[in-house]
Amino acid sequence: MSIRALFVRALPLALLLAAGCVRSPQDRTPDGRVIVDYWEKWTGFEGDAMQAVVDDFNAAQTNILVRKLTVSNIDRKMMLATAGGNPPDVTGLWSHNIPVYAERNALMPLDRMLQEAGITRDDYIPIFWDLCSHRGFMWALPSTPATIGLHWNKKMFRDAGLDPERPPRSIAELIEMGDRITLVQVVRKGKPVRVRFSELTPEEKESKKFELITLGYTPSEPGWWNHMWVYWFGGGLWDGDRKITADRPENIEAFTWFQSYTKKYGLDNLRKFGAAFGNFSSPQNPFLAGQVAMILQGTWMYNFIDKYAPQLEWGAAPFPSADPVKDPMVALGECDVLVIPRGARHVREAFAFIRFVNTQKEIEKLNLGQRKFSPLAKTSPDFIQNHPNPYIQVFIDLATHGAVCYTPRMVIYNEYSDEMFFAADQIFNLLATPEEALHNVQKRIQWKFDRVLRRWDLVKNARIKEWSGE
């Protein structure tokens, strides 16, 4: 899932002490093993899956002992620990953290160690290797990857007279199928009756005097990637270099579609319908409860289905694009990563652990335990055969064969995503047109980005020399 991080350049060391995240000065065990402190964010079965890999590493040799600590708000606390000169040796972050950490000189580049180990881009699904790079250097290796796709409720398709095994293959089909599935209550001849939205008269649709009972689809559920809809319409958020492209025509088209759901179903009706939703991680999740038939979700959704709605008839497929001929498989891709903070005391030992995690046996053990898939280019037959998610191959195919998009690799990504979420909120609530909202984002973010680039231009030569070890 996409979590926006808070980054701090430096705070007093007292804050680190208060957070309880200062490491013990102990460097070795009584029997002489180097202690590698590893901070990770996972809890529950995800944390257990990584602990099993840590245990394997500690049992496989006698020179290093990895000591794993579960840390909340890990991105913030690692930055604090690094600024205070007392970071862990290894940290588990998210790939979108890398540009900020790298340019703030908070990470160790891994290029020389990767070269010595013979690890190259060819060993990985390309997108996940690329997510670990920035400014031409490698800062991490992936641990658990994810892609995002369509999940649909087969029973709700069947009840609406649709083929439960055929999901929509274009945005146009998504709209048409969604309207056929959406069930509303409307008053006719003084009596409330339930009909499909597609069966309402033009006057009933125009008046918005109906109550939503179930929805085929709405982009506001869960609403986690509202800033990324542009990719399914052939758009983009920047040119990959120095230009923000928030208000390009394809992006305006995407958010015009986004706003069409409010105009079609009515803002008050959608708000009332959404008020009945329960927590995401609960049986009252609207998809798990059969209130919404189609959602955009990630590889991890299987875990929640299995836990809270094991009886659910569901499927997974690529989320449809506006132009299925040009873009038949659009997906978002991100991954958890392992990094070595700058100032780590045991860099070589830390890399030895990261390298061990990225061996085929251990990376598959970790991802099978978390119900995800391997970031490596080659996967063992048993991994797919034994995987509990019946649609895991869909998410692998999205990573390997689709047009995989990801969050912009820029230092101001957090500010950009905040602005895009604000714009999406304005658009969905009919407070601004897509053109107005995106044009405002374009102006504000380009100005901020230009300032950052000017600072980068002043320090880049020195930084690149330092990262290169010159």
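Below, the structure is looked at part by part.

On a plain count of helices and strands, the chain comes out with 18 helices and 13 strands. Relative to a compact globule of 470 residues, whose C-alpha radius of gyration would be 23 Å, the chain shows 24 Å and is just as compact. The principal-axis extents of the C-alpha atoms in the chain amount to approximately 85 × 50 × 45 Å. Pairs at least 24 apart in sequence give 73% of the contacts found in the chain among residues at least 6 apart. About 20,200 Å² of surface is accessible on the chain, with carbon and sulfur atoms providing 52% of the total.

Here we come to the pattern of salt bridges. Side chains that carry opposite charge are capable of pairing whenever their charged atoms lie near each other. Tallying each qualifying case throughout the model produces 22 salt bridges. Residues arginine 345 and aspartate 27 are paired through a salt bridge, measuring 3.6 Å at the closest nitrogen-oxygen approach. Placement of the pair is arginine 345 in the loop between strand E12 (330-339) and helix H13 (347-357) and aspartate 27 in the loop between helix H1 (13-19) and strand E1 (34-40), with a sequence separation of 318 residues. Among the residues examined, aspartate 27 registers a relative accessible area of 29% and is labelled partly exposed.

Moving on to the environment of proline 87. For proline 87, the location among the structural elements is in the loop between helix H3 (74-83) and strand E3 (90-94). As a C-alpha pair, proline 87 and aspartate 247 span 160 residues in sequence and 40 Å in three-dimensional space.

This part is about the packing of aromatic side chains. Counted under the stated rule, the structure contains 32 aromatic pairs. A ring pair is formed by phenylalanine 137 and tryptophan 139, whose centres lie 6.2 Å apart and whose planes are at 50°; its orientation type is tilted. The exposure classification of phenylalanine 137 matches that of tryptophan 139, with both residues buried. Ring geometry for tryptophan 229 versus tryptophan 232: centroids 5.5 Å apart, planes at 55°, classification tilted. Tryptophan 229 gets classed as buried once you look at its relative accessible area, which sits at 3%. Of the aromatic side chains, those joined through ring pairs into one cluster are Phe197, Phe210, Tyr217, Trp229, Trp232, Phe233, Trp257, Tyr261, Tyr265 and Phe319.

We now examine helix H14 (residues 360-369). Of all the residues in H14, the buried ones are Glu362, Ile363, Glu364, Leu366 and Asn367. In this structure, the buried side of H14 is in contact with helix H2 (44-60), strand E6 (141-153), H13 and helix H15 (381-386). Of the residues trailing H14, arginine 371 is marked for its positive phi of about 65°.

Before going further, it helps to examine the sheet that holds strand E7 (residues 183-188). On the basis of which strands lie adjacent, the open sheet formed by three strands has the order E8-E7-E9 and antiparallel pairing. Edge positions in the open sheet fall to strand E8 (191-196) and strand E9 (210-214), since each of these has one partner strand only. Across this sheet, the average inter-strand angle for adjacent strands is 35°, counted without regard to direction. Sheet topology places E7 next to E9; four bridges connect them, and they run antiparallel. Opposite valine 186, over in E9, you have phenylalanine 210 as the bridge partner.

Taken residue by residue, a regular strand's side chains alternate between the two faces of the sheet. A large share of E1 lies buried, amounting to seven of its seven residues. Covered by surrounding structure in E1 are Val34, Val36, Tyr38 and Glu40 together with Ile35, Asp37 and Trp39, the residues of both alternating faces. What joins E1 to strand E2 (residues 64-70) is H2, and the crossover it makes is right-handed. Here E1 pairs with E3 via two bridges, running parallel. Within E3, the position partnered with tryptophan 39 by the bridge is threonine 91.

Structurally, leucine 453 is set in helix H18 (residues 434-468). Sequence separation of leucine 453 and arginine 242 is 211 residues, and the distance between their C-alpha atoms is 7.7 Å. Once residues lying within four places of it in the same chain are set aside, the contact partners of leucine 453 are Arg135 and Arg242.

In this section: the side chain of serine 321. With respect to the helices and strands, the residue serine 321 is situated in the loop between strand E11 (314-317) and E12. Accessibility expressed as a relative area gives 2% for serine 321, which makes it buried. If near-sequence neighbours (up to four positions away) are discounted, serine 321 is found in contact with Ser170, Ile171, Trp232, Asp327 and Val330.

H18 packs onto helix H10 (residues 249-265) with a crossing angle of 130° between their chain directions and a minimal axis gap of 9 Å. As the angle between them shows, H10 and H18 are arranged oblique. Handedness of the crossing formed by H10 with H18: right-handed. Where H10 approaches H18, its residues Asn251, Ile252, Phe255, Thr256 and Gln259 are matched on the opposing element by Pro434, Glu435 and Leu438. Among the residues making up the contact of H10 with H18, the classes are represented as four nonpolar, three polar and one charged.

Scoring rules and cut-offs
As a convention, each chain's residues are numbered from 1 in the sequence order in which they are written. Per-residue local features of the predicted model are confined to residues with pLDDT of at least 70, and side-chain atom pairs are confined, for both listing and counting, to 80 or more; whole-chain, interface and lining totals are unaffected and use all residues. Note: side-chain values were computed over all heavy atoms of the structure, leaving out hydrogens and water. Secondary structure elements follow DSSP: runs of H or I no shorter than four residues count as helices, runs of E no shorter than two count as strands, and numbering proceeds from the N terminus. We compute the radius of gyration over the C-alpha atoms and compare it with the globule rule, which gives 2.2 Å times the number of residues raised to the power 0.38. The contact criterion used throughout is that any non-hydrogen atoms of two residues lie within 4.5 Å. In these tables, accessible area is a Shrake-Rupley quantity obtained with a 1.4 Å probe, and a residue counts as shielded only by the protein chains included in the view. One speaks of a salt bridge when a side-chain nitrogen belonging to Lys or Arg is within 4 Å of a carboxyl oxygen belonging to Asp or Glu. Only protein chains enter the area calculation, which uses a 1.4 Å probe; residues under 20% of their type maximum are buried, those over 50% are exposed, and those in between are partly exposed. Between 30 and 60 degrees the pair is tilted, below 30 it is stacked and above 60 it is edge-to-face, where a pair is any two Phe, Tyr or Trp rings, Trp via its six-membered ring, whose centres lie within 6.5 Å. Here, any two strands with at least 2 DSSP bridges between them count as paired. With axes taken as lines fitted to C-alpha atoms, and helix axes fitted only over the stretch in contact, angles between N-to-C directions fall between 0 and 180 degrees. Orienting the strands away from the viewer, one traces the path from the first strand over the helix to the second; a clockwise path indicates a right-handed crossover. Under this scheme an angle from 65 to 115 degrees is roughly perpendicular, one under 35 degrees roughly parallel, and one over 145 degrees roughly antiparallel; angles in between are oblique. Left-handed describes a crossing whose near helix is turned anticlockwise from the far helix through less than a right angle; right-handed describes the clockwise counterpart. All residues other than Ala, Val, Leu, Ile, Met, Phe, Trp, Tyr, Cys, Pro, Asp, Glu, Lys and Arg, Gly among them, are scored as polar; the first ten of these are nonpolar and the last four charged.

Just geometry here; none of it tells us what the structure is for.
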